[in-house]
Amino acid sequence: MIGWIILALLIVLVAVVLLRAAAFKPKDEKRAETVPVEYSEEHAIETLRQMVMCKTVSYYDPEKVDEGELEKFRQLLKDRFPKLNETCELKRFDRTGVLYRWKGKNEGDPTVLMSHYDVVPVEEEQWDKPPFAGIIEDGVLWGRGTLDNKNTLCGIMEAAENLISQGFVPDKDIYFAFAGDEEINGTGADAIVSYFKECGIRPALVLDEGGAVVEGVFPGFAGKMAAVGVAEKGLMDVEFITKSKGGHASAPPPHGPVGYLAQTVVNVEKHPFRFQLTKPIAEMFDTIGRRSSFAMKLVFANLWLFKPVLNMLTKKSGGELNAMMRTTVAFTTMDGSKASNVIPPQAKVGANMRLMGTDTPESAVAYLKQIVNNPDIEIVPLRASNPSPNSSTDSDGWKRVKNAVEQTWTDAVVTPYLMIQCSDSRHYNRITDNIYKFSCAEMSKEERGSIHGNNEKIPVDKIGLTVAFYMRLMQLC
Ligand SMILES: [Zn+2]
């Protein structure tokens, strides 16, 4: 009898799972119709080429930074965009902050379009073409910053210059907010936000770097998706330190400080943080899951049942998908004895953590303490920031970005997502809830891999699309 009941329940369960998957279809939504825009693609390509030739490399050591190259970049913005510089008011902040204000016809909450003009260093000998020469070959522009993030800065400036030339005036103010120290967690963007705060300015939309138009990243979905970040993870560096009596290596104790630290690392890696399905990821599953293969629909339409499976799979796989589901810990530094025959009086390992959902620096340290479970290992948090709040996908700001993306990448499905890296836009959390993170270009897997890596380059036919995107967005502001 019990056997029959279990069988009946199983049949009901399978039926529910199948029915839910079958009903999991894209919502009826009208895509935005493409408004044609006019711009010079050649001008945009040449602008980005010249931007790449400014060697605006950021270093944590200020001695190494070439201020002349940063200034050369800012001068380029003046020389290359005469109409924009005539029309928009320019203010400088801190060492690198640049803020243009394009005055709108009406009062009201403005739009802020962000970008950064510094880049990370290169290992030049590992590049196939020089990274700062502005070489265009076979329809591809080579150079550090072509994807991160001079392409969007170029797109913003080109779009505004074109629209101003065509007599367009935005409805509300639009600010162009650029920093030249994003890659070293600098103060440029923060100084601009402080200015906004002092003036009581609360942007209706802030758009910064983040997601892109990508293909083949979502399981079971073969189409293109435009991933627009609506939140970003927090960050924390921690050190695990242990002390010993030191001594000569010829007569070691049964367990030395390095052994205890090794155990600590293994323990932490064996006990990942808990699985969390945050709003941005739930919304991404709801948007793209509805367009995925039936096998994946079974999962995404029935997360109430399959969450444990997803938890297990992502725990095993690691990588991006896993990083969207939990707080992560990456061990990155180690420090022990300076000599091979001396037991270190102190040894430490350092980890870089990315916090998510309801995890805070305090709760994360508490969890680590519980896992390590060794009073001789000190856990010291260094710099830390909380995960950002989630920006709404019902706001006007979101609708405008979505609209301009749909107009420009006509075959891409716009979806919210959680950005697992940090960006300068986190500073805006203190003045607005409407922060979106999208790098305004289509990027292949190879291109995404070249960001902060070798051989960063962009096909020139993508440069114009970024201009078109910003022209459409500005017309909605
Ligand atoms: Zn960047």
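Small disclaimer: the values here were computed from a predicted structure and weren't measured. All residue numbers refer to positions counted from 1 along the written sequence of the respective chain. Where local features are concerned, this predicted model is filtered to residues with pLDDT of at least 70; where side-chain atom pairs are given and counted, the filter is 80 or more; whole-chain, interface and lining totals use all residues.

Draft legend 1. Just the sheet that holds strand S11 (residues 346-355), in detail. Between any two strands, pairing holds if DSSP finds at least two bridges. We count a stretch as a helix when DSSP gives it H or I for four or more residues in a row; a strand needs E for two or more, and each element gets its number in order from the N terminus. Reading across from one edge, S10-S11-S9-S12 is the order of the 4 strands in this open sheet, with antiparallel pairing throughout. Across the chains shown, the open sheet's two edge strands, defined by having one partner strand only, are strand S10 (328-335) and strand S12 (377-385). Along the sheet, successive strands turn relative to each other by an average axial angle of 20°, direction set aside. Bridge count between S10 and S11: 7 bridges; the pairing is antiparallel. Within S11, the position partnered with Val-329 by the bridge is Met-353. Sheet strands touched by helix H12 (residues 361-372): strand S9 (234-243), S11 and S12. Its angle to S12, the strand with the most contacts, is close to 160°. In this description, a line fitted to the C-alpha atoms serves as the axis of each element, helices being fitted only across the stretch in contact, and the angle between N-to-C directions of two axes falls anywhere from 0 to 180 degrees. A residue pair is marked as a contact if its C-beta atoms, positioned from the backbone, fall within 7 Å.

Draft legend 2. Quick look at the sheet that holds strand S15 (residues 457-459). Spatially, S4-S5-S15 is the arrangement adopted by the 3 strands of the open sheet, whose pairing is antiparallel. Each edge of the open sheet is held by one strand with a lone partner, namely strand S4 (136-137) and S15. Strand direction decides the pairing type here: S4 and strand S5 (residues 140-142), joined by 2 bridges, are antiparallel. Bridge assignment links Ile-136 to a residue of S5, and that residue is Leu-141.

Draft legend 3. Quick look at the domain arrangement of the chain. What counts as a domain boundary in this text is fixed by an automatic or database domain assignment. Domain boundaries in the chain define domain 1 (41-231 + 388-475) and domain 2 (233-385). Contacts between the two partners involve 18 residues from domain 1 and, on the opposite side, 20 residues from domain 2. When residues of the side of domain 1 that touches domain 2 are traced back to their parent elements, those giving at least two are strand S8 (224-232) and strand S13 (412-419). No other element matches the 5 residues that S13 contributes to the side of domain 1 that touches domain 2. For the side of domain 1 that touches domain 2, a count of residues per class yields 12 nonpolar, 5 polar and 1 charged. Here the term charged refers only to Asp, Glu, Lys and Arg, the term nonpolar to Ala, Val, Leu, Ile, Met, Phe, Trp, Tyr, Cys and Pro, and the term polar to all other amino acids, Gly among them.

Draft legend 4. View of the pairing of strand S7 (residues 205-215). Summarising burial for S7: 9 of the 11 residues are buried, a large majority. Two strands pair when backbone bridges link them, and strand S3 (residues 111-116) and S7 are joined in this way by 3 bridges, in the parallel orientation. Counted as the bridge partner of Leu-113 is Leu-207 from S7. With 3 bridges connecting them, S7 and S8 associate as antiparallel partners. In the strand pairing of S8, Val-214 is matched with Met-225. Here a residue counts as buried when 20 or more other C-beta atoms sit within 10 Å of its C-beta, as exposed when there are 12 or fewer, and as partly exposed otherwise, the C-beta atoms being derived from the backbone.

Draft legend 5. Spotlight on the packing of helix H2 (residues 41-52) against helix H15 (residues 463-475). Here H2 crosses H15 at 110°, and the two axes come no closer than 9 Å. One element, H2, and the other, H15, form an angle in the roughly perpendicular class. For the pair H2 and H15, contact is made by Glu-41, Ala-44, Ile-45 and Leu-48 and by Ile-463, Gly-464 and Val-467, respectively. Looking at the contact of H2 with H15, its residues break down into 5 nonpolar, 1 polar and 1 charged. Oblique is the label for any angle not covered by the other classes, which are roughly parallel (under 35 degrees), roughly antiparallel (over 145) and roughly perpendicular (65 to 115).

Draft legend 6. Inspection of the pairing of strand S6 (residues 174-179) at higher detail. With 6 of 6 residues buried, S6 is to be regarded as a mostly interior element. Taking every second residue as pointing to the same face, both faces of S6 are buried, with Ile-174, Phe-176 and Phe-178 on one and Tyr-175, Ala-177 and Ala-179 on the other. Two strands pair when backbone bridges link them, and strand S2 (residues 97-102) and S6 are joined in this way by 5 bridges, in the antiparallel orientation. The residue bridging Trp-102 from the neighbouring strand is Ile-174, located in S6. Sheet analysis places S3 next to S6, joined by 6 bridges and oriented parallel. Bridged to His-116 within S6 is Ala-179.

Draft legend 7. Local environment of the environment of Lys-297. Looking at the element boundaries, Lys-297 is found in helix H9 (residues 294-300). If we skip the residues at most four places from it in the chain, Lys-297 touches Ala-21, Phe-24, Gly-289 and Ser-292.

Draft legend 8. Representation of the environment of Lys-78. Tracing the backbone shows Lys-78 in helix H3 (residues 67-80). On the neighbour-count criterion, Lys-78 (11 C-beta atoms within 10 Å) is exposed. A C-alpha to C-alpha distance of 17 Å links Lys-78 and Met-114, two positions 36 residues apart in sequence.

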